Amino acid sequence: MTLRFIDLFAGIGGTRLAFEAAGMDCVFSSEWDPNSQKTYAANFGHTPHGDITKIAASEIPDFDVLVAGFPCQPFSSIGQRQGFEHPTQGTLFYDVVRIIKEKNPSAFLLENVKGLKTHDSGRTWAEIQRSLDELGYVVHAAILDASEYGVPQRRERIYIVGFKKGSHAASDFLFPEPLGTKVSIGQFVESGITDRSISKHLQNSYIYKKEDGRPEVITPKSDKPVKTLVASYHKIQRLTGTFVADGPTGLRLLTENECKAIMGFPKDFKVPVSRTQMYRQFGNSVAVPVVSAIARNIKLALDKNA
């Protein structure tokens, strides 16, 4: 039988793309943000269910693998690092626990920022491990960099994979090995783009206000992965942003196709939202090829022990 998975905190569907590419079927998805729902629906033909906190586990179809990129902002080193004390998002991990407890899937994959392990002096991570252990799962965790898995972006994330205790799949699973070569961004850089220019005034007063080698500027000749694409990219941040030497003013923001390449999305992926929302959505998404590689290994472990 084809393995079934559910896609929680689904965003625009990067994780779904990855698990479907590994040969699994999505039987349920949940995403509360209406703009992300719009992009998801444009690509998968249906709108995800809304707020997972209002959905009973009994309403979710049976499945084999739970997948959740539970919101990372409370644990991010960029944010306020409030963790489980965050008034709303910090509690969403417990909805993952609630659903796993009732549905008892064969496996799960959780994704988050790498700072999850060190947040609150490690207490947040300890609480996550304790919760998953009490549910009866063997947990594998690793911080992987997307640039080592065919993505032209340096993006470190923690991936948490669990299998039921007593299952041979728990011991058969291995995280995918790095490919050994890195993909450069240059081949994906477009030329002659005229509608995303950064004004000369902003360049002089902010972008290049210091001679410190910032920000990161790329061209078709750039021979390395770019820095992490963040959800606030549209705010034009000189320290975290990657910009392109192109256009009427000589410097511009990334195009839609460049963002797709940076995150490992197919070029035909539909983006029916504003440019600001597009940057937010890709910045919040997963690097698809990394999750695809993990999904294949989860499927191998489960199939071997079916």
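Just above, that's the structure.
Please read all numbers here as calculations on a predicted model, not as lab measurements. Within every chain, residues take consecutive numbers counted from 1 along the sequence as written. Selection of residues for local features in this predicted model requires a pLDDT of at least 70, selection of side-chain atom pairs for listing and counting requires 80 or more, and totals for whole chains, interfaces and linings are taken over all residues. With hydrogens and water stripped out, all remaining heavy atoms of the structure feed into the side-chain values.

K.L.:
Give a description of the overall build of the protein chain that names residues and reports values.
P.N.:
The helix and strand labels rest on DSSP assignments: H or I over at least four residues marks a helix, E over at least two residues marks a strand, and numbering proceeds from the N terminus. Counting secondary structure elements, the protein chain contains nine helices and eight strands. With C-alpha atoms as the basis for the radius of gyration, the globule rule is written as 2.2 Å multiplied by the number of residues raised to the power 0.38. For a compact globule of 306 residues, the expected C-alpha radius of gyration is about 19 Å, and the protein chain comes in at 20 Å, within 12% of that figure. The dimensions of the protein chain, computed from C-alpha atoms along their principal axes, are 60 × 40 × 35 Å. Relative accessibility decides the category of a residue: with a 1.4 Å probe and only protein chains considered, values under 20% of the type maximum give buried, values over 50% give exposed, and everything between is partly exposed. By the burial criterion, 52% of the 306 residues in the protein chain qualify as buried. Contacts in the protein chain between residues far apart in sequence, at least 24 positions, make up 70% of those at least 6 positions apart. Only heavy atoms enter the contact rule, under which two residues are in contact if any of them lie within 4.5 Å.

K.L.:
Outline the environment of Asp25, listing residues and values.
P.N.:
Mapping Asp25 onto the fold places it in strand E2 (residues 25-29). Residue class for Asp25 comes out partly exposed when judged on its relative accessible area of 41%. Between the C-alpha atoms of Asp25 and Asn43, which are 18 residues apart in sequence, the distance is 15 Å. Residues in contact with Asp25, not counting those within four places in the same chain, are Thr2, Leu3, Arg4 and Phe5.

K.L.:
Break down the pattern of salt bridges for me, citing the residues and quoting the values.
P.N.:
By definition, a salt bridge exists where a carboxyl oxygen of Asp or Glu is found within 4 Å of a side-chain nitrogen of Lys or Arg. According to the stated counting rule, one finds 18 salt bridges in the structure shown. Two residues, Arg275 and Asp195, come together in a salt bridge whose shortest N-O distance is 3.5 Å. Here Arg275 is found in helix H8 (residues 275-284), whereas its partner Asp195 is found in the loop between helix H5 (168-172) and helix H6 (200-207), with 80 residues between them in sequence. Judged by its relative accessible area of 34%, Arg275 falls in the partly exposed class. Notably, a salt bridge pairs Arg252 with Asp246, separated by 2.7 Å at the nearest N-O pair. Residue classification places Arg252 among the buried residues on the basis of a relative accessible area of 0%.

K.L.:
Lay out the sheet that holds E2 with the relevant residues and their values.
P.N.:
Should DSSP find at least two bridges between two strands, the strands are taken to pair. Strand order in the open sheet made by the six strands is E2-E1-E3-E4-E6-E5, with mixed pairing throughout. Looking at which strands have only one partner, the edges of the open sheet turn out to be E2 and strand E5 (137-145). Neighbour-to-neighbour, the strand axes of the sheet open up by a mean angle of 20°, direction not taken into account. As paired strands, E5 and strand E6 (residues 156-164) are joined by nine bridges and run antiparallel to one another. For Ile143, the partnering residue across the bridge sits in E6 and is Ile158. Each of strand E1 (4-8), E2, strand E3 (65-68) and strand E4 (107-113) is contacted by helix H1 (residues 14-21), which is oriented at about 170° to E1, the strand it contacts most. Fitted lines through C-alpha atoms serve as axes, helices being fitted only where they are in contact, and the angles separating the N-to-C directions of these axes extend from 0 to 180 degrees.

K.L.:
Before we move on, could you go through the environment of Ile262 and cite the residues and values that matter?
P.N.:
When you line up the elements, Ile262 lands in helix H7 (residues 256-263). On the basis of relative accessible area, Ile262 is assigned to the buried category, the value being 1%. Sequence separation between Ile262 and Ile52 is 210 residues; the distance between their C-alpha atoms is 29 Å. When near neighbours in sequence (up to four residues on either side) are disregarded, Ile262 contacts Val151, Pro152, Gln153, Ile185, Val226, Leu229 and Leu254.

K.L.:
Help me get a handle on the nonpolar core, residues and values and all.
P.N.:
For this analysis, a nonpolar core means a set of buried residues of the types Ala, Val, Leu, Ile, Met, Phe, Trp, Tyr and Cys, connected via side-chain atoms within 4.5 Å. Counting 61 residues, the largest nonpolar core has Phe19, Phe163, Phe282, Ile294 and Ile298 as the members making the most contacts within it. Looking at this core, the element that brings in the most residues is helix H9 (residues 288-304), giving eight residues. Among residues more than four places away in sequence, those in contact with Phe163 are Ser106, Ala107, Gly136, Tyr137, Val138, His140, Ala169, Ala170, Phe173, Ile298, Ala301 and Leu302. Core analysis: the second largest hydrophobic core is formed by 28 residues, Ile60, Leu110, Ile128 and Ile158 among them.

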